[in-house]
Amino acid sequence: MGEAKDPRNRAKLHTDLASLYYSAGNYGVALEELRRAQSADSSYAPTHGMFGLVYMELKENGRAEESFERALRLSPNDSDINHNYGWFLCQTGREPASIKYFQHAIRNPLYATPWRSYSAAGTCSLKTNQKDAEGYFERALKLEPDEPA
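A few points on the structure. (Residues numbered from 1 in each chain as written. Predicted model: local features only at pLDDT ≥ 70, side-chain atom pairs only at ≥ 80, totals over all residues. Heavy atoms only, no water.)

## Let's talk about the overall build of the protein chain
Each helix and strand counted, the protein chain has eight helices and zero strands in total. Start at the N end of the protein chain and walk to the C end: the helices and strands fall as α-α-α-α-α-α-α-α. Projected onto its principal axes, the C-alpha coordinates of the protein chain cover approximately 50 × 30 × 30 Å. Taken over 149 residues, the protein chain has a buried fraction of 41%. Sequence-distant contacts in the protein chain: of pairs separated by 6 or more residues, those separated by 24 or more amount to 46%. Taken as a whole, the protein chain presents about 8,400 Å² of accessible surface, with 51% of it coming from carbon and sulfur. (Helix = DSSP H or I, 4+ residues; strand = E, 2+ residues; numbered from the N terminus. Buried < 20%, exposed > 50% of the residue type's maximum accessible area, 1.4 Å probe, protein only. Contact = heavy atoms within 4.5 Å. Areas by Shrake-Rupley, 256 points an atom, 1.4 Å probe, with all protein chains shown as cover.)

Dropping the structure here:
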């Protein structure tokens, strides 16, 4: 029973709920859950990373960037946060800056989905006609040959 009273656990639970609402496109409820998570534990990096994703979808780019940067200050080696911030940068016209965040995500040997970051790096490289795109896509396919993305 003590688990529900642990601030970090509550933050995680509310962040996980926010992620489900985000996936369903219910951004308002996702934000409510993230506010609850932040109240429980304001130093839980995934909460701020999730805020970044929701704000990115809402086209509140200033708030999204602020949230991603805070998440990275709290957990600079979190591969998912690095990937998502890289994707945000790519989507806001800063493709060259995005690549270093994808590369940082990939360097983590515990990262469960490095093919996502290789694929995103390829997509972002294509936008600026960088010759590295093909190599990124090849690595993504080598890691996850059945992934349609």
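## Things to note about the state of the cysteines
Here the structure, examined in full by the defined rule, presents one disulfide. Through a disulfide, C90 is tied to C124; the S-S separation comes to 2.0 Å. One quick way to see it: the torsion about the S-S bond of C90 and C124 is about -120°, and its sign makes the bridge left-handed. With a gap of 34 residues between them, C90 in helix α5 (residues 79–91) and C124 in helix α7 (residues 114–127) connect regions that are remote in the sequence. The pair C90 / C124 is uniform in exposure class, with both members buried. (Disulfide = S-S within 2.5 Å.)

## Points about the packing of aromatic side chains
With the rule as written, the count across this model stands at six aromatic pairs. Measuring from centroid to centroid gives 5.9 Å for Y22 and Y27, while their planes differ by 50°, and the two rings are tilted. Looking at Y22, the relative accessible area reads 18%, which means it is buried. The interplanar angle of 45° and the centroid separation of 5.7 Å between the aromatic rings of F68 and Y85 together place this pair among those described as tilted. (Phe/Tyr/Trp six-rings, centres within 6.5 Å; stacked < 30°, edge-to-face > 60°.)

## Considering the layout of surface pockets
What the largest pocket holds in volume is close to 210 Å³. Lining the largest pocket are 14 residues, and of these T15, P46, M50, D80 and N84 sit closest to its centre. Mapped by element, the contributors of at least two residues to the lining of the largest pocket are α1 (7–23), α3 (45–57) and α5. For the lining of the largest pocket, the residue count by class is six nonpolar, four polar and four charged. Space inside the second largest pocket adds up to approximately 150 Å³. Lining the second largest pocket are Q38, H48, F51, Y55, R63, E66, S67 and R70. (1 Å grid on protein atoms, 1.4 Å probe; cavity = no way out; pocket = protein on both sides within 12 Å on 5 of 7 lines; lining within 4 Å. Points joined across faces, edges and corners; volume = space filled by probe spheres on them. Nonpolar A, V, L, I, M, F, W, Y, C, P; charged D, E, K, R; others polar.)

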